[in-house]
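Structural overview for review
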Amino acid sequence: QVHLVESGGGLVQAGGSLRLSCAAYGDPICISIMGWYRQAPGKERELVADITSGGSTNLADSVKGRFTISRDNAKNTVYLQMNSLKPEDTAVYYCAAGTNVADHRTWDYWGQGTQVTVSS
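Our subject in this report is the structure included herewith. Computed from a prediction, not measured in an experiment: that's the story for all the values here. (Residues numbered from 1 in each chain as written. Predicted model: local features only at pLDDT ≥ 70, side-chain atom pairs only at ≥ 80, totals over all residues. Heavy atoms only, no water.)

Structural notes on the state of the cysteines
With the rule as written, the count across this model stands at one disulfide. Two residues share a disulfide in this structure: Cys-22 and Cys-95, whose sulfurs sit 2.0 Å from each other. Here the disulfide of Cys-22 and Cys-95 is left-handed, its torsion about the S-S bond being about -80°. Placement of the pair is Cys-22 in strand β3 (residues 18-26) and Cys-95 in strand β9 (residues 91-101), with a sequence separation of 73 residues. You can see Cys-30 has no disulfide; the closest cysteine sulfur is in Cys-95, sitting 13 Å from it. Taking relative accessible area as the criterion, Cys-30 reaches 34% and is therefore assigned partly exposed. (Disulfide = S-S within 2.5 Å. Helix = DSSP H or I, 4+ residues; strand = E, 2+ residues; numbered from the N terminus. Buried < 20%, exposed > 50% of the residue type's maximum accessible area, 1.4 Å probe, protein only.)

In structure tokens:
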């Protein structure tokens with residue numbers, strides 16, 4: 001069993017930056033991929049970025065060039081550095097963890113979510 005704890009959300013002006021952190025507790029040895037999803041009001045949850053235990057990253061087109069995902073395997077922690085934030089980035093951001101087999105992702109664990117609000 002794995003428990004994900006997120007931190008780092010908040011309110012920022014457009015053009016600003018935030019860094020989200022997500023630490024995995026419990027039995028993280030079973031995790032081979034971690035990532036971030038977000039859900040804006042009235043919209044479906046969407047993948048923002050993910051990173052494998054080997055360091056391979058995947059980012060949504062909408063955040064490429066602005067967001068960076070990284071991982072500290074020793075701390076079982078994943079980070080999402082968000083720069084040049086836009087109002088449309090406003091959402092609840094969820095950390096997720098799971099397995100990645102033959103490029104098929106299975107998300108088994110979810111964090112409680114952290115609010116990111118970008119004002120114009």
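Resuming the write-up.
Section: the pairing of strand β4 (residues 33-39)
In terms of burial, β4 is a largely internal element, six of the seven residues being buried. As judged from the six bridges shared by β4 and strand β5 (residues 46-52), these two strands associate in the antiparallel manner. Across the sheet, residue Trp-36 finds its bridge partner in β5, namely Ala-49. Where β4 folds back onto β5 in an antiparallel hairpin, the turn is made up of six residues, including Gly-42, whose phi is positive at roughly 80°. (Pairing = 2+ DSSP bridges.)

A few points about the side chain of Ser-21
As for its position among the elements, Ser-21 is in strand β3. Residue Ser-21 is classed as buried on the basis of its relative accessible area, which comes to 16%.

Quick look at the nonpolar core
Core analysis: the largest hydrophobic core is formed by 29 residues, its most contacted members being Leu-4, Met-34, Trp-36, Phe-67, Leu-80, Met-82 and Tyr-93. Mapped onto this core, the elements with two or more residues apiece are β1 (2-7), β3, β4, β5, β7 (67-72), β8 (77-82), β9 and β11 (114-119). (Core = buried A, V, L, I, M, F, W, Y, C linked by side-chain atoms within 4.5 Å.)

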